[in-house]
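Overview (structure and organization)
Below, each chain spelled out in residue letters.
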Amino acid sequence: MNISYNWLKEYLSFDLQPEEVAAALTSIGLETGGVEEVQSVKGGLEGLVIGEVLTCIEHPNSDHLHVTTVNLGDGNPVQIVCGAPNVAAGQKVVVATVGTKLYSDDDEFTIKKSKIRGEESYGMICAEDEIGIGTSHEGIIVLPGDAIIGMPAKEYYQIENDYILEVDITPNRVDGTSHWGVARDLAAYLKQAGKPAELKQPSVDAFKIDDSSPAVIVEVENKEACIRYSGVTIKGVTVTESPDWLKNRLLVIGLRPINNVVDITNYILHELGQPLHAFDAAKISDNKVVVRTMPNGTKFITLDGIERTLTDQDLMICDSQKPMCIAGVFGGLDSGVTEATKDVFLESACFHPTWIRKTSRRFGLKTDASFRFERGLDPNQTLYVLKRAALLIKEIAGGQIVGDIQDVYPEEVKPYPVNLTYKKINTLIGKEIPVETVKSILASLEMEIVSETTEGLSILVPVYRIDVRRDVDVIEDILRIYGYNNVELDDHMYSTLSHLTPTDRNYKLENLISEQLCGAGFNEIMNNSLTRLGFYETLTTYPASRSVLLINPLSTDLNCMRQTLLFGGLQSVAYNIKYKHKNIRFFEFGNCYSYYPEKKNEENTIAEYNEEYHLGLWISGQRVENNWAHTNENFSVYELKAHVENILARIGIDHNKLKWNDISNDIYSTGFTVNTSSGKTLGTLGIVHRSLLKLADIENDVYFAEFSWDALMREIRKAKVEISDISKFPEVKRDMALLLDKKVSFEAIEKIAYESERKLLKQVSLFDVYEGSHLPAGKKSYAVSFYLQDESKTLTDKQIDAIVKKIQTNLEEKLGAQLR
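Residues numbered from 1 in each chain as written. Predicted model: local features only at pLDDT ≥ 70, side-chain atom pairs only at ≥ 80, totals over all residues. Heavy atoms only, no water.

Notes on the pairing of strand β8 (residues 107-110)
Within a regular strand, the side chains alternate between the two sheet faces. Formally: A pair of strands is labelled paired if DSSP reports no fewer than 2 bridges between them. Think of it this way: any DSSP run of H or I at least four residues long counts as a helix, any run of E at least two long counts as a strand, and we number them from the N terminus.
Two elements, strand β7 (residues 101-104) and β8, share four bridges in a ladder whose sense is antiparallel. Bridge pairing in β8 links Tyr-103 to Glu-108. A loop of two residues connects β7 with β8, the two strands running antiparallel in sequence, and Asp-105 in this loop sits at a positive phi of about 55°.

What follows is the structure, given as structure tokens:
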């Protein structure tokens, strides 16, 4: 879960740096996997300024372009060619000046001086989606008249630098799935460390009923599944875009702003950990909300447009006539808030974890709300959260709170009583902790001491700590705040063996992939970790300065540690070719080593050295040779790519979430880097550079891939590879022959296709590429197949045609594709 450093400081004052916060959280059980510096908008809007369009005339050589003169506040107006239909003189606009870098997902491009149809252009007037502050591309951004010319856009939009803490939440710590929950735990740590730590919970004292007129009422029929249901009606709201501060809060933790009401519910979810749902009150029949189940077989269309068949074990939020929402899991298509909404009914509820978990799994729906509900939430916070959200809606969207708060709470859940003995505390922890320290820790964890004896304590555990019910659970909490590292080891050591450690898991997967590669015709090789420094002396990708040198080498051929598996593998390839084994499929697992003198640390003598476990693959020669049924066929880089994709799929990495970027360097004449969606490099593959093959005395092409096995294991630490039933419903294939610019890659087509249809599009494949004299200059033709399938029903022609049309339209608009 992403936790914003700046956001965290709104609830707790502290002077720890982000890395220190990460270490503190890890030490108290909220393991923090990494700290990343981010901006609320990627790139921080650097290089963008507020400008004024002085003149706007039609482009002499185009029927849709305009030539504008823009004042950037520096006294030197610039000419910019603009294609937006809404550009006009007198507008205040956002301008990307020459040299500015703009970002689209993981892509980056630089604004350059250019000539567009004969007219020079010194920048770009931007739309929302082009700078990352919105999704609209209908026209350029037109700012209010009071916008200051020359002001940096990052100041206008209040872009802030922040740090994201990647906190890994264990299943029992649902209380830590919010910024408030993390702040609460961090405060306990700081108090134990003797540092001032005062929590500042947002106040709801300003909440009041503005109009006592009747509003939406609530009835709970299924009191087993619905532990508590609170709600309030807010009338006269204006649903529009959220203010910048709210959008920035969501963007920085990876959420897309939608509108002010929905954004507030998402904000509260990540602030306080309580899911909310906002209904359009006008769509609630008879102004009545009923929490109940529906008969088996009832059809319900969810927010994603999919019709689902309900069971009598699925808790639903209904009105007097129809279901509106799958409780705690997913909203309905026709009951949510839109820009036309004027009145809102806001829900804050607590549902039974088992009911939510079963429904979530039954429909295959995993949402932020279901993640929390199925772990168990505190029913005693629903009213506070409801008031907090209602006040924010009034502040941002306007409106009045109408009617009484609806609060159905059949059986109050009270704090859990636990009895502790000092003897058991000291025995389990392995150290005698002072009584006052124990009581101080309990107080910092908001555990109330109700009675005390010389032998122990009776306490009440807050309801939000659903995982703490027994004395051993409390003792574990005491220990994590006291500090595991503060418990000294004595002369007696007691240990248990873990059944399966991360090392065991990594080794198991290594064997699994080894068997897979052997089954695909590969042979495993093992080369010496010692190699020749001469391999690296002319390289920039693996410079000689990064090599770990031996003080007293046996020979010049073994005078340093390898930085890459490549050269040992090339020597093995050359050796086999020499003995007439020309068709090569090799793989190797092994450690690689690097030296970083800038990391030198007097207190840590090995800080500048890095050791990393790698996987290497080599193929060369012919994949088919001397076969009566098939002509001879050479290996290609695409076959290597297929093996790589099979490996990644087998260990649980989704190919569609990877970014394949072209590279050409002193290792590969052409190739790819394989990156995660967050930009982390997992490995590389491609055609080995001819200069390196010549060095190894190899004439044939060699295709090589190298991955950091350690990075792959970190990437899949939460991944699961599971079997799934073969769909009972048919797959549909549609083909397109597309005329495109030569520079357009198949990857771009594939990406746009999956963005156009994320659920029903199962596969995109290229089956023909044509370049010839029959096509216009600079063009090529791709023949592409699109495979569609709904695993719950047979697709109709109407659905298929709509999806294909959407894909076609997006390809035409984004890539300039034409159907042949």
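Considerations on the sheet that holds strand β19 (residues 315-318)
Across the sheet, which stays open at both edges, the five strands sit in the order β13-β16-β19-β20-β21 with mixed pairing between neighbours. The open sheet has two free edges, formed respectively by β13 (217-220) and β21 (330-331), since each of these has just one partner strand. The pairing of strand β16 (residues 288-293) with β19 spans four bridges and is antiparallel. Within β19, the residue paired with Thr-293 across the bridge is Leu-315.

A closer look at helix α7 (residues 260-272)
What sets the pattern is the α-helix's 3.6 residues per turn: residues three or four places apart point alike. Keep this limit in mind: Expected span of a helix, by definition, is 1.5 Å for each gap between consecutive residues, and there is one gap fewer than residues. The buried label goes to any residue with under 20% of its type's maximum accessible area, the exposed label to any with over 50%, and the partly exposed label to all in between, with areas taken from a 1.4 Å probe on protein chains only.
Compared with an ideal rise of 1.5 Å per residue, which puts 13 residues at 18 Å, α7 spans 18 Å between its outermost C-alpha atoms and is within 8% of the ideal. For α7, the tally of buried residues reaches 12 of 13 residues, placing the bulk of the element in the interior. Burial in α7 covers these residues: Asn-260, Val-261, Val-262, Asp-263, Ile-264, Thr-265, Tyr-267, Ile-268, Leu-269, His-270, Glu-271 and Leu-272. Looking one or two residues beyond α7, the residue adopting positive phi is Gly-273, at roughly 80°.

Description of the pattern of salt bridges
What counts here: Salt bridges, as used here, are contacts in which a Lys or Arg side-chain nitrogen is within 4 Å of a carboxyl oxygen on Asp or Glu.
This model, assessed by the stated rule, comprises 44 salt bridges. Of the charged contacts, one joins Asp-477 and Arg-480 as a salt bridge, the two residues approaching to 2.8 Å between their closest N and O atoms. Remark: Arg-480 and Asp-477 occur in helix α13 (residues 471-482); sequence separation between them is three residues, near one turn of the helix. Neither residue differs from the other here; Asp-477 and Arg-480 are each classed as buried. With a shortest N-O distance of 3.2 Å, Glu-598 and Arg-546 are connected by a salt bridge. With Glu-598 in the loop between β30 (584-595) and β31 (609-620) and Arg-546 in the loop between β28 (530-531) and β29 (560-561), the pair connects residues that are 52 residues apart, well separated along the chain. Exposure remark for Glu-598: the relative accessible area of 53% places this residue in the exposed category.

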